[in-house]
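Working through the structure, step by step
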Amino acid sequence: MEKLGFERRQRVVLVPFPFQGHITPMLQLGSIFHSKGFSITIAQTKFNSPNPSNYPEFTFLPLSDNLDNYDTSFCNMLNVISFVNTNCEGPFEDYMVQMLGEEDVQGEVACIVYDPIMNFVNVVANKLNLPTIVLKTTPATYMQSQVVMFQLLEEKLIPLPESQLQVSIPQIHPLRFKDLPLPATDKIPQDVLDFTQSYMDIKSSSAIIWNTANTLDHYPLQQLQQHFRVPIFPIGPFHKLAPNLTTSLMEEDNGCLSWLDKQAPNSVIYVSFGSLAIIDENALLEIARGLAKSEQPFLWVVRPSLLNGSNAMDFLPEDFKERTRERGCIVKWVPQRKVLAHPAVGGFFSHCGWNSTLESICEGVPLICMPFFTDQMVIARYMNYVWKVGVELENVLESGIEKGIRTLMVSEEGKVMRKRAFEMKLELEQCINGGGSSYESLDQLVEFIVSLAGRK
Ligand SMILES: O=c1ccn([C@@H]2O[C@H](COP(=O)(O)OP(=O)(O)O[C@H]3O[C@H](CO)[C@@H](O)[C@H](O)[C@H]3O)[C@@H](O)[C@H]2O)c(=O)[nH]1
């Protein structure tokens, strides 16, 4: 990547929200900025910290969070967020004050880029008169659906009866009430609404960086540009711009790659539900039976935390393991980008987290969509209805799962999706290559950050 020549070295401070799906794009952004000549400092909670020795090009500031012995599962997420925001503000302010007082070889701070869940960053930045930029790690379509959801709540059009869930919402067609980020049939608790609203607010930030590309999110990006009135920089997919960066917080099982080497091209269905989703024992068994009945080779990531409170591996029935021994590989965590790039992988049975989705379509791999929460329903709808590279499951029982797998892996419909996924891969490559929309947007972003430093 071409570096812009700065008169003086400039530093960007990055503050991720400490969960895998958010840390990954922030580290990738750090690597992209570093390749453009900025020095990078990462303020990171001690909880879920990546190992600094894997990133000799970055400086890490460990933020005390007091999260040891705290329930950090998805079920307790609102409490975790509030806890992190309360505990990290003081240490972060101390670091920033120290940094601003020093003549530093790493350069003056140009701006802070932060995940908007880390609210405290904005408070500290305002006190110290430092510019901030928000990083969005979910698609723009999702943000647009949140904006519309609040309009519907205000107009008292939701909650609505269950019979209306399949109805499409005109302002965000083809999204239906069932695809909204929060359940449209329920009265949503006020603390959830307050949190969602605060997270949507970019406060006094100077710009938004989006891990997306125009080809995926063109219309919502245009709409949101009017809504926010600060520059928006869609420069993704980030992982294509930082291809060699390690981002896993868990140890990767590389043995699965040798197993894939022995499988036929496009024959394997890769199954993984990201780092946060939790299922119950029944759902685990339905998935296992669906995989067994589909008779397709599979690589299944069964994270220990997939079942709340118990190790999911212990609940897989012996007869399932026996029946699928020849054609199944079950592991705790894989090098996912390498798995998706492997020629044996022909489909991805996924929760539709945004990183997984981008990683899959960038390798031309179509998906089976089993969304759990927040942006995943919106992404699943786009995969299926708009981009036509995702199978929507009829149900999440063994019959629906078996049918979904066979549709994607052996039917004519699946072949068409694979072809379309390959076309999307090429479209995304065009976005990041010279002259493409993400490429140009990144150049503009670099100039923008340099101008922020000049304005202080
Ligand atoms: O065995 C595995 C499984 C996953 N991954 C990686 O883990 C990341 C998972 O990210 P994502 O697919 O986005 O899922 P979540 O971890 O669930 O991410 C959270 O954050 C995302 C970005 O904000 C949101 O889109 C999701 O809904 C939210 O749950 C990806 O980069 C994967 O490559 C691995 O490396 N190995």
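The rules we used
- Residues numbered from 1 in each chain as written.
- Predicted model: local features only at pLDDT ≥ 70, side-chain atom pairs only at ≥ 80, totals over all residues.
- Heavy atoms only, no water.
- Helix = DSSP H or I, 4+ residues; strand = E, 2+ residues; numbered from the N terminus.
- Rg over C-alpha atoms; globule rule 2.2 N^0.38 Å.
- Buried < 20%, exposed > 50% of the residue type's maximum accessible area, 1.4 Å probe, protein only.
- Contact = heavy atoms within 4.5 Å.
- Areas by Shrake-Rupley, 256 points an atom, 1.4 Å probe, with all protein chains shown as cover.
- Lys, Arg positive; Asp, Glu negative; His and termini not counted.
- Charge placed at Lys NZ, Arg CZ, Asp CG, Glu CD.
- Core = buried A, V, L, I, M, F, W, Y, C linked by side-chain atoms within 4.5 Å.
- Domains from an automatic or database assignment.
- pLDDT = per-residue confidence, 0-100.
- Phe/Tyr/Trp six-rings, centres within 6.5 Å; stacked < 30°, edge-to-face > 60°.
- Lys NZ or Arg CZ within 6 Å of the ring centre and 35° of its normal.
- Buried area = accessible area lost by both parts, 1.4 Å probe.
- Salt bridge = Lys/Arg side-chain N within 4 Å of Asp/Glu carboxyl O.
- Polar contact = N/O pair within 3.5 Å; in protein donor to acceptor, adjacent residues only side chain to side chain.
- Nonpolar A, V, L, I, M, F, W, Y, C, P; charged D, E, K, R; others polar.

An unreviewed UniProt entry annotates the chain as Glycosyltransferase of Handroanthus impetiginosus.

**Points about the overall build of the chain**
Within the chain, the regular secondary structure consists of 16 helices and 13 strands. Radius of gyration (C-alpha) of the chain: 22 Å, near the 23 Å computed for a compact globule of 456 residues. C-alpha extents for the chain along the principal axes are approximately 65 × 55 × 50 Å. Within the chain, buried positions represent 56% of all 456 residues. For the chain, contacts bridging at least 24 residues in sequence account for 72% of all contacts bridging at least 6. In the form shown here, the chain has an accessible surface area of approximately 19,300 Å², with 49% of it arising from carbon and sulfur atoms. Side chains of the chain give 37 positive and 51 negative charges; the mean places of these two sets differ by 4 Å.

**What to know about the nonpolar core**
Judged by nonpolar contacts, the single largest core of 96 residues is most densely connected at Phe92 and Leu299. A domain-level breakdown of this core finds at least three residues from each of domain 1 (11–247 + 433–455) and domain 2 (255–430). Once you skip the residues sitting within four places of it in the chain, Phe92 turns out to touch Val13, Val15, Ala43, Leu63, Ile112, Phe120, Val121 and Val124. Leu14, Phe60, Leu245 and Val446 belong to the second-largest nonpolar core, a separate cluster that totals 35 residues.

**Describing the confidence of the model for the chain**
Averaged over the chain, the pLDDT score is 94; the fraction of residues at 70 or greater is 97%. Reported confidence for the predicted complex is 1.00 by ipTM and 0.97 by pTM.

**Points about the packing of aromatic side chains**
Counted by the stated rule, this structure contains 16 aromatic pairs. Summarising the aromatic geometry, the rings of Tyr55 and Phe58 are spaced 5.8 Å apart at their centres and angled 5 degrees between planes, so their arrangement reads as stacked. Per residue, the accessibility class of Tyr55 equals that of Phe58, and both read buried. Note on Phe273 and Phe372: the rings are 5.8 Å apart at their centroids and 55 degrees apart in plane angle, and the pair reads as tilted. You can see Phe273 sitting in the loop between strand S8 (268–272) and helix H9 (281–294) and its partner Phe372 sitting in the loop between strand S12 (367–369) and helix H13 (375–386), a full 99 residues away along the chain. On the accessibility criterion, Phe273 (1% relative accessible area) is buried. Among the aromatic side chains, those forming a connected cluster through ring pairs are Phe17, Phe19 and Phe47. Against the face of Tyr199 rests Lys136, its NZ or CZ located 4.4 Å from the ring centre. The ring of Tyr385 has Arg381 sitting right over it, with the charged end atom 4.3 Å from the ring centre.

**Quick notes on the domain arrangement of the chain**
The assigned domain composition of the chain is domain 1 (11–247 + 433–455) and domain 2 (255–430). For domain 1 and domain 2, the distance between their C-alpha centres works out to 27 Å. Counting residues at the interface gives 36 residues for domain 1, matched by 30 residues for domain 2. In total, domain 1 and domain 2 occlude about 2,900 Å² of area from one another, counting both sides; carbon and sulfur atoms represent 62% of this. Put simply, domain 1 and domain 2 have 3 salt bridges between them. Taking the shortest distance from any N to any O, the salt bridge between Glu392 and Lys178 comes out at 3.8 Å. Taken together, the links from domain 1 to domain 2 amount to 9 residue pairs in polar contact (both at pLDDT 80 or more). Listed by contribution, the elements that provide at least two residues to the side of domain 1 that touches domain 2 are helix H1 (20–35), helix H4 (140–154), helix H6 (214–228) and helix H7 (238–241). The element that contributes the greatest number of residues to the side of domain 1 that touches domain 2 is H1, accounting for 5 residues. For the side of domain 1 that touches domain 2, the residue count by class is 15 nonpolar, 17 polar and 4 charged.

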